[in-house]
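Remarks on the overall topology
Chain by chain, the residues run as shown.
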Amino acid sequence: MATGKIEWTLLHHGQWKLYIAKTAQGLCYIGSPGASFEEMEAFTRKRFPEAELEENAEALAAYTRELGEYFSGIRTSLTLPVDAKGTVFQEEVWKALCQIPYGKTVSYSEIATLINRPSAVRAVGTAIGANPVLIAVPCHRVIGKSGAITGYRGGLELKRFLLGLETGISGT
């Protein structure tokens, strides 16, 4: 499937600066705080090889507004379309992540069980780490079985912030 262009902008909210991008179908990328433009460019080239990148803050204004409201605690979910591309397995895991309610956390093994693959805990962790749309697909809600705050593509500082915003967990 050819995608004509991917529009992007740099979202600034408080201490966070994140590149975000969208296709005509929806949000396709939310970067990690402090990640470079080149990281976003490499991601989009891999997933959408024929797309042209175009900076367009206006086209992403609704997404930046929703993300800002989320970071401010005004919004509990994003409602705009998402265009997350991955393998069939990754997309199955990401769909399961979207079932985790705001303010709740689950373990990697609970996600593996939810998708009827209880022995695929490591593969689930890898799929979660490949989530291209942090926050929109709430992978930050997955913690270690012991309750430990574990790895996050957005960095542990952002994960602790998001969990604190949602649940009051300060991290371990």
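Taking an unreviewed UniProt entry as the reference, the protein chain is identified by name as Methylated-DNA--[protein]-cysteine S-methyltransferase belonging to Planococcus chinensis.

Now for the overall build of the protein chain. If you tally the helices and strands in the protein chain, you get 6 helices and 6 strands. Sequence-ordered secondary structure for the protein chain, helices as α and strands as β, is β-β-β-α-β-α-α-β-α-α-β-α. Rg of the C-alpha trace for the protein chain: 16 Å, near the compact-globule value of 16 Å for 172 residues, within the 12% margin. Its C-alpha atoms give the protein chain principal-axis dimensions of roughly 45 × 35 × 25 Å.

Let's shift gears to helix 1 (residues 37–47). Among the residues of helix 1, those classed as buried are M40, F43 and T44. Considered in projection along helix 1, the buried side chains sweep an arc of 95° and stay on one side of the axis. More than 90 degrees from the buried face of helix 1, the exposed residues found are E38 and K46. Contacts made by the buried residues of helix 1 are with strand 1 (5–13), strand 2 (16–22), strand 3 (27–30) and strand 4 (52–55).

This brings us to the side chain of T44. With respect to the helices and strands, the residue T44 is situated in helix 1. Excluding residues that lie within four positions of it along the chain, T44 makes contacts with I6, P49 and L53.

A few words now on the packing of aromatic side chains. Tallied over the entire structure, the rule returns 7 aromatic pairs. Judged by centre distance (5.9 Å) and plane angle (70°), the ring pair of Y19 and F37 falls under edge-to-face. On the criterion of sequence distance, the pair formed by Y19 in strand 2 and F37 in helix 1 is long-range, its members being 18 residues apart. Y19 gets classed as buried once you look at its relative accessible area, which sits at 15%. Plain terms: the ring middles of Y70 and Y102 are 6.1 Å apart, the flat faces sit at 85° to each other, and that makes the pair edge-to-face. Of the two residues, Y70 is situated in helix 2 (residues 61–71) and Y102 in the loop between helix 3 (88–97) and strand 5 (106–107); the sequence distance between them amounts to 32 residues.

The sheet built from 4 strands is open, its strands ordered 3-2-1-4 with mixed pairing. Edge strands, defined here as strands with exactly one partner in the open sheet, are strand 3 and strand 4. Neighbour-to-neighbour, the strand axes of this sheet turn through a mean angle of 25°, independent of strand direction.

This paragraph deals with helix 5 (residues 121–129). Counting along an α-helix, one turn takes 3.6 residues, and residues three or four places apart therefore face a common direction. Among all positions in helix 5, only V124, A127 and I128 are buried. Down the axis of helix 5, the smallest arc covering the buried residues is 100°, so these residues share one side. Helix 5 presents R122 and T126 as exposed residues on the side facing more than 90 degrees away from its buried surface. In the core, the buried residues of helix 5 are packed alongside helix 3, helix 4 (108–114) and strand 6 (142–143).

Criteria and cut-off values
- Residues numbered from 1 in each chain as written.
- Predicted model: local features only at pLDDT ≥ 70, side-chain atom pairs only at ≥ 80, totals over all residues.
- Heavy atoms only, no water.
- Helix = DSSP H or I, 4+ residues; strand = E, 2+ residues; numbered from the N terminus.
- Rg over C-alpha atoms; globule rule 2.2 N^0.38 Å.
- Buried < 20%, exposed > 50% of the residue type's maximum accessible area, 1.4 Å probe, protein only.
- Arc of directions from axis to C-beta.
- Contact = heavy atoms within 4.5 Å.
- Phe/Tyr/Trp six-rings, centres within 6.5 Å; stacked < 30°, edge-to-face > 60°.
- Pairing = 2+ DSSP bridges.
- Axes fitted to C-alpha atoms, helices over the stretch in contact; angles between N-to-C directions.

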